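Read off the chains here:
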Amino acid sequence: MQDNLMKVQRIEHGTVVDHILPGMAFDVLRVLRMSNDRSMSILINSHSKKGGKKDILKIEDVEISAQEASRVALISPQATINIIVDGKVVRKFNAEAPKVVRGILTCSNPNCISNQNEPVTTEFRLGPDDGHRYVCSYCERDIVDLAKRVRW
Amino acid sequence: MKHVISVHDFSVEEIVEVLDRAEDMVTIAQGKATSDLLRGKVLACIFFEPSTRTRLSFETAMNRLGGGVIGFAGTDATSVVKGETLADTVRMVSGYADAVVLRHPREGAAKLATEFSSVPVVNAGDGAGQHPTQTLLDLFTIRNETGRLEGLNISLVGDLRYGRTVHSLAIALAKFGNTINLVSPEGLEMPGEVTSYLRGMGMLGVACHSPEEVIADTDILYATRIQKERFPDLVEYERVAGLYRVDPDLLSRGPAGLIVMHPLPRVNEITPEVDAMPQAKYFVQAFNAVPVRMALLSMVIGGQ
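Since the structure is predicted, the reported quantities are computational estimates derived from the model, not experimental observations.

Caption draft 1: The domain arrangement of chain A, seen in detail. Residue and element names in this part refer to chain A. Split by domain assignment, chain A resolves into domain 1 (3–94) and domain 2 (99–152). Placing the centre of domain 1 and that of domain 2 at their C-alpha centroids yields a distance of 25 Å. The interface of domain 1 with domain 2 comprises eight residues on the first partner and six residues on the second. Tallied by class, residues from the side of domain 1 that touches domain 2 come to five nonpolar, no polar and three charged.

Caption draft 2: Looking closely at unusual backbone geometry. With an omega dihedral of 5°, the bond running from Leu264(B) to Pro265(B) counts as a cis peptide bond. For Pro265(B), the position within the fold is in the loop between strand 9 (259–261) and helix 10 (282–300). One non-glycine residue with positive phi stands out, namely His19(A), at about 60°. Tracing the backbone through its elements, the reader meets His19(A) in strand 1 (residues 14–20). Its 18 C-beta neighbours within 10 Å are what place His19(A) among the partly exposed residues.

Caption draft 3: Structural detail: the domain arrangement of chain B. Residues and elements named next belong to chain B. Taken domain by domain, chain B comprises domain 1 (7–130 + 286–300) and domain 2 (133–285). One C-alpha centre belongs to domain 1, the other to domain 2, and the line joining them spans 26 Å. Taken residue by residue, the interface counts 20 residues in domain 1 and 19 residues in domain 2. Listed by contribution, the elements that provide at least two residues to the side of domain 1 that touches domain 2 are helix 1 (12–29), strand 4 (121–126) and helix 10.

Caption draft 4: Structural detail: helix 5 (residues 132–146) of chain B. Residues and elements named next belong to chain B. With 15 residues, helix 5 extends 21 Å from end C-alpha to end C-alpha; this agrees with the ideal 21 Å at 1.5 Å per step. Where burial is concerned, most of helix 5 is hidden: twelve out of the 15 residues are buried. Where helix 5 is concerned, the buried positions are Pro132, Thr133, Gln134, Thr135, Leu136, Leu137, Asp138, Leu139, Phe140, Thr141, Ile142 and Arg143. Gly147, located one to two residues past helix 5, shows a positive phi value of around 80°.

Caption draft 5: Structural view of the pairing of strand 6 (residues 179–183) of chain B. All names here are of chain B. In terms of burial, strand 6 is largely enclosed, as five of its five residues are buried. Where burial is concerned, the two faces of strand 6 agree: the one with Thr179, Asn181 and Val183 and the one with Ile180 and Leu182 are both buried. Here five bridges tie strand 5 (residues 153–157) to strand 6, and the two strands are oriented parallel to one another. Of the residues in strand 6, the one forming a bridge with Val157 is Val183. One crossover worth recording links strand 5 to the parallel strand 6 by way of helix 6 (residues 164–175), and it is right-handed. Two elements, strand 6 and strand 7 (residues 204–208), share three bridges in a ladder whose sense is parallel.

Caption draft 6: Structural context of the sheet that holds strand 8 (residues 220–223) of chain B. Residues and elements named next belong to chain B. Read across the open sheet, the five strands follow the order 7-6-5-8-9; overall the sheet is parallel. A single partner strand is all that each edge strand has here, and the edge strands are strand 7 and strand 9. Averaged over neighbouring strand pairs, the angle between their axes works out to 20° when direction is ignored. In the sheet, strand 5 pairs with strand 8 via four bridges, with the strands oriented parallel. Each bridged residue has a counterpart across the sheet, and for Leu156 the counterpart in strand 8 is Tyr222.

Caption draft 7: Expanded view of the pairing of strand 8 of chain B. Residue and element names in this part refer to chain B. Covered by surrounding structure in strand 8 are Ile220 and Tyr222 together with Leu221 and Ala223, the residues of both alternating faces. For strand 8 and strand 9, the ladder comprises three bridges, and the chain directions are parallel. Looking at strand 9, one finds that Tyr222 is bridged to Met261.

Caption draft 8: Just the packing of helix 1 of chain B against helix 10 of chain B, in detail. Residue and element names in this part refer to chain B. Two elements in contact, helix 1 and helix 10, have axes whose closest approach is 7 Å; the angle formed by their N-to-C orientations is 115°. Considering how the two elements wind past one another, helix 1 and helix 10 form a crossing that is right-handed. When helix 1 is examined against helix 10, the residues Val18, Arg21, Ala22, Met25, Val26, Ile28 and Ala29 are found in contact with a partner set consisting of Val290, Pro291, Val292, Met294, Ala295, Leu296 and Ser298. Class assignment for the residues of the contact of helix 1 with helix 10 results in twelve nonpolar, one polar and one charged.

Caption draft 9: Inspection of the interface of chain A and chain B at higher detail. Counting residues at the interface gives 15 residues for chain A, matched by twelve residues for chain B. Here the side of chain A that touches chain B is composed, by residue class, of seven nonpolar, six polar and two charged.

Caption draft 10: The arrangement of the sheet that holds strand 2 (residues 40–47) of chain A in detail. Residues and elements named next belong to chain A. With antiparallel pairing, five strands are arranged side by side in an open sheet as 2-3-1-4-5. Edge positions in the sheet fall to strand 2 and strand 5 (88–94), since each of these pairs with one other strand and no more. Sheet twist, expressed as the mean angle between neighbouring strand axes with direction ignored, is 15°. Pairing of strand 2 with strand 3 (residues 53–60), which is carried by six bridges, proceeds in the antiparallel orientation. Paired with Ile42 across the bridge in strand 3 is Leu57. Relative to strand 3, helix 1 (residues 25–32) is tilted by about 40°, and along the sheet it contacts strand 1, strand 2 and strand 3.

Caption draft 11: How the structure looks around the nonpolar core. Grouped together as the largest cluster of nonpolar side chains are 117 residues, with contacts concentrated most on Val100(B) and Leu297(B). Ranked by the residues each element gives to this core, the list is headed by helix 10 of chain B, at nine residues.

The rules behind these values
Residues numbered from 1 in each chain as written. Chains lettered and ligands numbered in written order. Predicted model: local features only at pLDDT ≥ 70, side-chain atom pairs only at ≥ 80, totals over all residues. Domains from an automatic or database assignment. Contact = placed C-beta atoms within 7 Å. Nonpolar A, V, L, I, M, F, W, Y, C, P; charged D, E, K, R; others polar. Helix = DSSP H or I, 4+ residues; strand = E, 2+ residues; numbered from the N terminus. Buried ≥ 20, exposed ≤ 12 C-beta atoms within 10 Å, placed from the backbone. Expected span 1.5 Å × (residues − 1). Pairing = 2+ DSSP bridges. Right-handed = clockwise from strand over helix to strand, strands pointing away. Axes fitted to C-alpha atoms, helices over the stretch in contact; angles between N-to-C directions. Left-handed = near helix turned anticlockwise from the far one by under 90°. Core = buried A, V, L, I, M, F, W, Y, C linked by C-beta atoms within 7 Å.

In structure tokens form, the structure reads like this:
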């Protein structure tokens, strides 16, 4: 394929977040709190070499930290992070889902005490099984529709 | 500091310890002996929701142990109506008492209270969440009435979705090695996480929609209230409520030694004719709230 026909150009410096669950790229941007003035490319429902679909995010001139990557893993646990310098991948790692999340999420149970006007920080713990579920430390319910529960 | 928030915080051994201690409290709870174990101590019972048995049995338990009780039932005459947070109310009340018993309509309220209280907090029911002291008194009743806490077939009957007592009871009973049958109307089934837990433990028996299906193989029939407000159609409510009524006819098809329990209040789930039958244990169960709560108060306040 000629360069001028490529869907999205490679980046020289920055971060590529690959293997994002299809349709979740904008949610990933949201949890990374990326401002609109950044230069970035977003691929939605791109074909994966491993089969199926994925989203890809290319953010120029930003190297996201392991802590920021863990926020990505909250909503897209299979995502991989590639740090690009001078057009080459200098570091590649899997985002690791945090075991405890404080303050970033809100509980999906409207009757949870953490959703009332109380001076508390929300807290969720990663469930012990492989289901990638987060349990509210207050009401003990699983959080539902996690991506929508991330605070700006 | 010891809080009592969720029955999941208790190991099997700790539950047995509470039940043994409760056994020692029975004669005091009956007024046949007296105790000064908690003399000079104060219990705050703060109830943001209606309650009869839970509040009165906690107050009785504290009085029987020689202590005093402060508190409120309903928020009309408190600063809560002025918008005071639960956090501030608990912080203030814990300065007046040696332990706080809390009932609140929101799930997780008791856990929140532990973060602001300077004294132990006992959860007396938080929304559709936990009600650990009810579970403990249910286990105490089962052990007293059957002589054991394992190897029983227990049928939970009624609203298993919203009934707050049955979730933690089912899990606790499974931990002790009992088989749990789940009998509920469509739409009011046990939540998936509880059913999965029971299945994982190998303790899930029959899940069905009629008590008739399980009665012949039931050692304990634990009935719960089916709330009218869960049904948009009153005719449908009447039909379902009729199917789940425990009466002498249903009990006649159960095995010898079957007992009937209910956390109360009951409405129509158990007909009054059952009250005089030897199977009826729900008023004994209501009394057992006192020795079990005495045991817990002696542990959290008295350091026993």
